[in-house]
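Single-letter residue listing:
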Amino acid sequence: MPPKNRFVKLDAFTKTVEDARVRTTSGGIVTVTSLLLILWLAWGEWADYRRLIVHPEIIVDKGRGEKMEIHLNISFPRVPCELLTLDVMDVSGEIQTGVMHGVNKVRLRPEKEGSGVIETTALELHAGEPAIHLKEGYCGECYGAPAPPNAIKSGCCNTCAEVREAYASVSWSFGRGENVEQCEREHYSEHLDEQRKEGCRIEGGIRVNKVVGNFHFAPGKSFSNGNMHVHDLENYFAGAEGVEHTFTHKVHHLRFGPQLSDDVVKRVGQRGMAWSNHHLNPLDDTDQKTDEKAYNYMYFVKVVSTAYLPLGWNKKASVFDNIPHEIIPLGDYGKGESNSIETHQYSVTSHKRSLSGGDASAEGHKERLHARGGIPGVFFSYDISPMKVINREARSKSFSGFLVGVCAIVGGTLTVAAAIDRALYEGSSRLKKIHSS
């Protein structure tokens, strides 16, 4: 048998001659409808193939020696900037007290005047300006306290700030600086009285070790007394006539790491409930009010490392991997190549109490007893989760999956269309026979 005839027996697609074919109006309608349906379904399959989705993964965070940025914007309408101190510390032994690089103190008008901005001052760690209008060789007295190690002139206290630093080093209360030459020359007490009714907003960024730690806002100069971290509270509790300082505050914004763009947040939120940046930063727009001076707010934050890897991202050496973190601008740490982002999300629980102790009946919890004592202020204690969330961007299906889907659409639609056409043809044929008989 010739080779051609061997394949004839294998033909599964038998043909009919043209004369044996019957064309009907209903068949034409079914054909056009099925073609339109195929085009519509194929377009949907193409759109589904082009759609990007985010696959979340959870792994153990194996990073070591990393840094973490804390970006904050918090207002204190009843504490002046002259009294407010930001302290940052962690369990690795790195303690940074007072001002931090990248943080601004914004003086605010009194609440009755709308809390508008008066002045913005950029703060630098250990920054200091030499005292002006001083005689050459001048060496200010430290009034019995040892001169601070970071003094402008070694062994001297030439500014009011250096005298305050010297007092803090030996845990002495400083007060308003009466009878202190440097403070009288700089009009420290006058400046303090001018700002009594003002508020203060702290905004900016801090880069810390990625370990368990805390940062807090408290009144007065901070210093260590043995193993205790304390503040000089004299000026805070003294207040002034008609002025009562309290730690009423509003957290406008608090995040750990770079901000995810709105487009990225929308994509991450396509799985399950819709997301917003508030899901990453739950303390945003938190408002707390109190009329007590001796009042303490504590926020316990659990920080979870979160990475966003865009489509086509492959792990490769980044330009940031081999340079010291000090060179990377504040706000860019965590931003990788190909638009990848290493950031953090967090959960938080809060606790507030009066430092005078007693029960929490005013809060509706008579069974709860508050401890007595402590430092008035706002404290954020953060812990680092050992787990890491990776949100990896990917296509909803592969190209081969797209082709399989198109083939299934074409085959399935034509098969169903053929069955419908056959049913219509058989039904019309029987009706004609019934009417003819």
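As a reminder, the structure under discussion sits directly above these lines.
Described in the following lines is the structure provided in the data block.

Rules and cut-offs
Residues numbered from 1 in each chain as written. Predicted model: local features only at pLDDT ≥ 70, side-chain atom pairs only at ≥ 80, totals over all residues. Heavy atoms only, no water. Disulfide = S-S within 2.5 Å. Helix = DSSP H or I, 4+ residues; strand = E, 2+ residues; numbered from the N terminus. Buried < 20%, exposed > 50% of the residue type's maximum accessible area, 1.4 Å probe, protein only. Salt bridge = Lys/Arg side-chain N within 4 Å of Asp/Glu carboxyl O. Pairing = 2+ DSSP bridges.

## So, the state of the cysteines
- Within the structure shown, the criterion is met by 4 disulfides.
- A disulfide bridge connects Cys 139 with Cys 156, and the sulfur atoms are separated by 1.8 Å. One quick way to see it: the torsion about the S-S bond of Cys 139 and Cys 156 is about -100°, and its sign makes the bridge left-handed. Taken together, the positions of Cys 139 in the loop between β6 (117-123) and α3 (160-169) and Cys 156 in the loop between β6 and α3 put the pair 17 residues apart, joining distant regions of the chain.
- For Cys 139, a relative accessible area of 42% translates into the label partly exposed.
- Between the sulfur atoms of Cys 142 and its disulfide partner Cys 157 the distance amounts to 1.9 Å. The disulfide joining Cys 142 to Cys 157 has a torsion of about 100° about its S-S bond and is therefore right-handed. With Cys 142 in the loop between β6 and α3 and Cys 157 in the loop between β6 and α3, the pair connects residues that are 15 residues apart, well separated along the chain.

## Remarks on the pattern of salt bridges
- In the structure shown here, the tally under the stated rule is 18 salt bridges.
- Two residues, Arg 78 and Asp 291, come together in a salt bridge whose shortest N-O distance is 3.1 Å. Linking Arg 78 in the loop between β2 (67-76) and β3 (84-90) with Asp 291 in the loop between β12 (286-288) and β13 (295-309), this pair joins segments that are 213 residues apart in sequence.
- The salt bridge partner of Arg 164 is Glu 82, with a shortest N-O separation of 3.9 Å. Within this pair, whereas Arg 164 is found in helix α3, its partner Glu 82 is found in the loop between β2 and β3, the two being separated by 82 residues in sequence.
- Its relative accessible area of 24% is what places Glu 82 among the partly exposed residues.
- Members of the salt-bridge network, linked through shared partners, are Glu 45, Asp 48, Arg 51 and Lys 397.

## As for the pairing of β13
- For β13, a buried count of 12 out of 15 residues is recorded, marking the element as mostly surrounded by other parts of the structure.
- In this structure, β13 lies alongside strand β14 (residues 341-354), joined through 14 bridges in antiparallel fashion. What sits directly across from Thr 306, in β14, is Thr 343.
- One ladder, built from 13 bridges, connects β13 with strand β17 (residues 377-395); its direction is parallel. Note on β17: the bridge partner recorded for Asn 296 is Gly 377.

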